[in-house]
Amino acid sequence: MTLREARSIDSLYREIRDTDLALTADPPLALALDRRVDRPRIGRVCATPRGHVSNQFTPMDRRDLFEELVTETDLTWKQAHRGLDRCLQAWDRTADPEAILDYDEFDTPAIRTAVKRIRDADSSYRKLSDARLDEELDLAIVGESALTNLDRSLLPSDHKSVDRFTGATGTLPTFEIFPSATAIVDTLIEQLSAETADSVGVVLDESTVFSPLVEAGLAAADIPFQGGPGFVDDPDVRTFLRLLQAIFTGSDLRVADVEPLLAPLGVDVPRTLGEQRVDALGDGTLSELAVIEEAATTGTLQDAISAYESLAGLRLQTLRDECNRLEILEEAVTTALLDRLTYYLQSFDVPVDQDQTGVLLTDAASTAYIDRPVVFYLGLGTGWAKTPPDVPWIDTTEYVQQDLDRFEILLQNGRQRHYLVQDTRAGEDVTPCLYFRELFEQSFDRFSDLPHERFDGHGVDRDAPGQPFVAPAVSEEPEEITALSQSTLKRLANCPREEFFTRLVETPTADYMARGTVVHEAAELYVSHPEPIRDQFETVVDAMVEQVEAYTTNDRRPVERTQLAIALETVMEYLDANPPTEAEHEAYADRQQENGLANRLDLPCDSPLTERWFEAPEVGIRGFVDLLHGPTDLVDYKTGSQSTASKLREKAAIDPPHEDPNFQAALYLLQHREQEPEEPLSIHFVHALEQTNRMVRGEAPDIDDLVTTITYLPCTFSEFVARREVFDAVTDYADSNAKVKALEPLGYEAYREFFLTHDLPREGAAPDQRAAVTTAFIEYTQDRVKPSRDLQYVDDGCRDAIEEMDDVVGTYYLKPDLDAFADFVDEQLANLNEYRREGFPVRISEDGPNWDRVDMPDLILTND
């Protein structure tokens, strides 16, 4: 099948201009034909049947009929709405107001009540049902097949039928494919201006992203438009209703939930409060919300509206009028009332005054005619076809054919037409409107399978004044960054663009973060005041709970208290068994943050060992150390799940970075090496909540099981291999094992002498050198062991021992490891400063980023 050629509006007007009256089922066509009247006449040249009998352009009966049903019957709002829609639909299709009762599934008390009221009420449906046109009237019907049976009941037997198609075939569209919806809208806005707006129509699916993007783009470019958001989309109405719904959410309402609702009122909400419960905030923190909450919880809907109007500095008169019509203005505000009001506003079009000039925005499924010389069609996806209602009085085949007729006509509006589409969205093919399968004589899955041209979306002048969706250019050179934290390193290794948004968007404190903070503060206090904390344990735990209660619901408060008590017990037990040692730590500065728990308990917090800040531009790192435990030992408290030392070392890989990188141990050891360059160093991760379930059951785990230790040794790999513990590890087997048979006769001293004089590289570092050292070690051992018979076990034992040495070193950092990490920091620091000048990429490798580890995925646009 090919595209049937549609008659233009001008051609249709020539067909009906001399008649007394023309009727059509399409209101926009009726208006367009009226606009073309070029000589004096009485009455309209064209109307819809209901519009003609009611003397209205677009009768708005549904709201009046609904008001009568909910105020004059016992029907619920949902019963009234469902009954109203079904009854009017059946009446329209059958021409009989009681025909719906012929179907058993709809012959219900609620429907019978609705039928009785609707049948007798004054409406355009009743007027149309009762009216008949004069047989002598010179009448033309445009698109008679689209009329319903109720429409046809108005018609005299003799009338002229005007076909909307010429009988010829037209040219099918060539699609213009763009890489994104934003590129489409950019291109559209570039073609428009305030001077040409009245000549342009834009057709789009209102349920897609195109609708808000186009509206925002036109507004940003100061281009007038009509047909945009209706009353339900009014920002103040939406904000008011959502605020009331939030107020009645309950004790789990978070500040982040109301932050975007308070922004239109000019309320600046600190983002760090985002995860706190609203009802746990201090007095005056969100006083504007408190005003509305007081009005809503103690007064009527009118009181709540007045409170919002006072804060916003405006008047919601249309909302007041609608609520008054529905007789709910003086009702107390409840969740049920809000649900009913929201349901009503989403179900009925409340008329509002809108500009009648500018670009005409039209929903793709609402009409067949766009009376503009230039028409842009955006998207052309599945939403451009209507779905037949699943009711018995509608013939599905007839419904689809009528909608296909509408679609074919819609594609042919305007003298200039542009069909702007996407081929893929988020990596998935965009499915064209199913009606194209009727129009194109070929199979296809996407727009690129059909006649098309591709556009990259870069034709837009990105520096044009007022260009929407484009940030202004920044000419100032960014300040150089000289040190990185371990969290910044982690983000840069996984997704550099997340680091950009982390700097741009303040991260709210979450419940787990608040819990971790108070546990750290308690641990810090115990170092300075062990006796008071031990003696007033319950009081301390109560204070800890108070500090985090804003982040947790009331029903979880006992659980939170148990967790905090266990965390404090664990920290106390660890510090009692491993008391810190006083020492000079010149590489660290005084603390730079308050201890909230200390303030609550009125205790000084002045230990020189806890919460020490460091910033070392010479190595490019910075951060906080929880506890300087001794000259060569650091302690870090954790409230998350525990990892083994080998797992932590694995996550610290830098070539390439691990998918879930963790550089904390390396960074802290690198910092402490600046203070103790020639000493072995250790960092101990104390997991305060790892054994919560066991401790709740009354079990007492060994404190050492809750500690993960990473050790740094200032030596090379070969020097490490020469250590006694490595020799013991590779010979810790039965006497029959080849490693034992080969190395025990050799003895530790000979073993040590060999590796101190032969530089054994790690596996994969220098294969040829490693092979040469391995061969030399085999020969060295054979010469000293002097086996009497087979030499093979010496060969096997030496090779197996060298292979196992890589596993033994797996939980250590050696000098080359920290040297390599220092180079990695330098590289990432250079990258960060380059990104700040040139832009932050999404990924640094073909495989990345790991989206499970990205905290702000919704802000990060990819090339897809």
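None of these values were measured; they are calculated from a predicted model.

I'd like to hear about the overall build of the protein chain, residue by residue, with values.
A tally of regular secondary structure across the protein chain gives 35 helices and 21 strands. Its C-alpha radius of gyration of 38 Å places the protein chain more than 25% over the 29 Å reference for a compact globule of 864 residues. Overall, the protein chain is about 125 × 65 × 60 Å in size when its C-alpha atoms are taken along their principal axes. Looking at the 864 residues of the protein chain, the share that counts as buried comes to 48%. Total accessible area on the protein chain stands at roughly 41700 Å², and carbon and sulfur atoms take up 44% of it. If the 81 positive side-chain charges of the protein chain are averaged to one point and the 166 negative ones to another, these points end up 5 Å apart.

Explain the packing of helix α31 (residues 738-746) against helix α33 (residues 767-785) to me, and be specific about the residues and the numbers.
Between α31 and α33, whose axes approach to 9 Å, the crossing angle comes to 65°. Classified by the angle between their axes, α31 and α33 sit roughly perpendicular to one another. Where α31 crosses over α33, the handedness of that crossing is left-handed. Across the interface between the two elements, A742, L743, P745 and L746 of α31 pack against F777, Y780, T781, R784 and V785 of α33.

With reference to specific residues and values, describe the sheet that holds strand β4 (residues 139-142).
Pairing in this open sheet of 4 strands is parallel, and the strands run β3-β2-β4-β5 from one edge to the other. Pairing within the sheet leaves two strands with one partner each, and these edge strands are β3 (46-47) and β5 (160-162). With 4 bridges joining them, strand β2 (residues 21-24) and β4 adopt parallel strand pairing. Of the residues in β4, the one forming a bridge with A22 is A140.

Hey, could you go over the pattern of salt bridges for me, with residue numbers and the actual values?
The final tally for this structure, using the stated rule, is 51 salt bridges. The shortest N-O distance in the salt bridge between D85 and R62 comes to 3.0 Å. Here R62 lies in helix α4 (residues 61-72) and D85 lies in helix α5 (residues 77-94), a separation of 23 residues in the sequence. Note on D85: relative accessible area 26%, which makes it partly exposed. A cluster of three or more residues bridged by salt bridges with shared partners is formed by R63, D64, E67, E322 and R325.

Any details on the packing of aromatic side chains? Residues and values, ideally.
One pass over the full model with this rule turns up 37 aromatic pairs. Both rings, one in W77 and one in Y344, keep their centres 6.3 Å apart while their planes meet at 70°; by these two values the pair is edge-to-face. Taken as a pair, W77 in helix α5 and Y344 in helix α16 (residues 335-347) lie far apart in primary sequence, 267 residues in all. Across this residue pair, the class does not change: W77 and Y344 are buried. Taken together, a centroid distance of 5.3 Å and an interplanar angle of 75° make the contact between F407 and F436 edge-to-face. Residue F407 is located in helix α17 (residues 396-410), and its partner F436 is located in helix α18 (residues 436-439); the two are separated by 29 residues in the primary sequence.

Requested: an account of helix α23 (residues 537-548), with residues and values cited.
The end-to-end C-alpha distance of α23, which contains 12 residues, comes to 17 Å, matching closely the 16 Å that a straight helix rising 1.5 Å per residue would cover. For α23, the full list of buried residues reads F537, V540, V541, A543, M544, V545, Q547 and V548. In this structure, the buried residues of α23 make contact with α21 (511-528), α22 (530-535), α24 (557-577) and α25 (596-601).

Quick rundown of the side chain of D403? Include the residues and the values.
Relative to the helices and strands, D403 resides in helix α17. Overall, D403 belongs to the buried group, its relative accessible area being 4%. Of note is the side chain of D403, whose polar atom sits 2.8 Å from the backbone nitrogen of K386. For D403, the contacting residues outside a window of four places in its chain are A385, K386 and Y435.

Tell me what's going on with the nonpolar core, and back it up with residues and numbers.
Residues F240, L244 and L301 are the most contacted members of the largest nonpolar core, which totals 78 residues. Apart from the residues within four sequence positions on either side, F240 is in contact with L301, A304, I305, Y308, L316 and L319. Grouped together as the second largest cluster of nonpolar side chains are 76 residues, V548, A567, F614 and L818 included.

So, the sheet that holds strand β18 (residues 633-638): which residues are in play, and what are the values?
In sheet architecture, strand pairing relies on hydrogen bonds along the backbone and comes in two forms, parallel and antiparallel. Judged by pairing direction, the sheet is mixed, and its 6 strands sit side by side in the order β16-β17-β18-β19-β20-β21 without closing on themselves. In the strand order of this sheet, the two ends are held by β16 (610-616) and β21 (812-814), each with one partner. Direction aside, the axes of adjacent strands within the sheet are offset by 35° on average. As judged from the 3 bridges shared by strand β20 (residues 707-713) and β21, these two strands associate in the parallel manner. Bridged to Y712 within β21 is Y813. With respect to the sheet, helix α35 (residues 815-838) is in contact with β17 (621-630), β20 and β21, its orientation differing from that of β21 by roughly 75°.

Go over the environment of V518, please, and point to the residues and values.
Here V518 shows up in helix α21. Take V518: its relative accessible area is 0%, and that puts it in the buried class. For the pair V518 and D728, spaced 210 residues apart in sequence, the C-alpha separation works out to 43 Å. Not counting the four nearest positions on each side in its chain, V518 is found in contact with M544, Q547, V548, L564 and L597.

Give me the environment of A221: which residues, what numbers.
Mapped onto the elements, A221 comes out in the loop between α10 (210-220) and β9 (225-226). In the structure, A221 is positioned 27 residues away from A194 in sequence and 8.6 Å away in space, judged by C-alpha atoms.

A description of the side chain of S682 should follow, citing residues and the corresponding values.
Note that S682 resides in strand β19 (residues 681-687). The exposure class of S682 is buried, given its relative accessible area of 12%. Those residues within four positions of S682 in sequence are excluded, and the remaining contacts are T632, D633, L634, L669, T709, I710 and T711.

So, α21: which residues are in play, and what are the values?
An α-helical turn contains 3.6 residues, so a residue and the one three or four places further along point in the same direction. Between its first and last C-alpha, α21 extends 26 Å over 18 residues, near the 26 Å set by a 1.5 Å rise per residue. Those residues of α21 lying buried are A514, R515, G516, V518, V519, H520, E521, A522, A523, E524, L525 and Y526.

Kindly report on the pairing of β20, identifying the contributing residues and their values.
With respect to burial, β20 is a largely interior element, 6 of its 7 residues being buried. Where β19 meets β20, 6 bridges bridge the pair, whose relative direction is antiparallel. Considered in β20, the bridge of S682 is made with T711.

Account for the confidence of the model for the protein chain, naming residues and giving values.
When pLDDT is averaged along the protein chain, the result is 89; 94% of the residues meet or exceed 70. Within the model, pLDDT remains below 50 along residues 462-466, and this stretch shows 6 contacts once partners closer than five positions in the same chain are excluded.

So what's going on with the pairing of strand β12 (residues 416-422)? Which residues, and what values?
In this sheet, β12 lies alongside strand β7 (residues 175-178) in parallel orientation, the contact comprising 3 bridges. Within β12, the residue paired with I177 across the bridge is V421. In the sheet, strand β11 (residues 374-378) pairs with β12 via 5 bridges, with the strands oriented parallel. Its bridge partner lying in β12, L378 is registered against L420.

So, a negative patch on the surface: which residues are in play, and what are the values?
A cluster of acidic residues, D20, D134, E135, E136, D138 and D158, forms a negative patch at the surface. Mapping D20 onto the fold places it in the loop between α1 (9-16) and β2.

Reading guide: rules and limits
- Residues numbered from 1 in each chain as written.
- Predicted model: local features only at pLDDT ≥ 70, side-chain atom pairs only at ≥ 80, totals over all residues.
- Heavy atoms only, no water.
- Helix = DSSP H or I, 4+ residues; strand = E, 2+ residues; numbered from the N terminus.
- Rg over C-alpha atoms; globule rule 2.2 N^0.38 Å.
- Buried < 20%, exposed > 50% of the residue type's maximum accessible area, 1.4 Å probe, protein only.
- Areas by Shrake-Rupley, 256 points an atom, 1.4 Å probe, with all protein chains shown as cover.
- Lys, Arg positive; Asp, Glu negative; His and termini not counted.
- Charge placed at Lys NZ, Arg CZ, Asp CG, Glu CD.
- Axes fitted to C-alpha atoms, helices over the stretch in contact; angles between N-to-C directions.
- Parallel < 35°, antiparallel > 145°, perpendicular 65-115°, else oblique.
- Left-handed = near helix turned anticlockwise from the far one by under 90°.
- Contact = heavy atoms within 4.5 Å.
- Pairing = 2+ DSSP bridges.
- Salt bridge = Lys/Arg side-chain N within 4 Å of Asp/Glu carboxyl O.
- Phe/Tyr/Trp six-rings, centres within 6.5 Å; stacked < 30°, edge-to-face > 60°.
- Expected span 1.5 Å × (residues − 1).
- Polar contact = N/O pair within 3.5 Å; in protein donor to acceptor, adjacent residues only side chain to side chain.
- Core = buried A, V, L, I, M, F, W, Y, C linked by side-chain atoms within 4.5 Å.
- pLDDT = per-residue confidence, 0-100.
- Patch = residues over 30% accessible without salt bridge, like charges linked within 9 Å, V, L, I, M, F, W, Y side chains within 5 Å.

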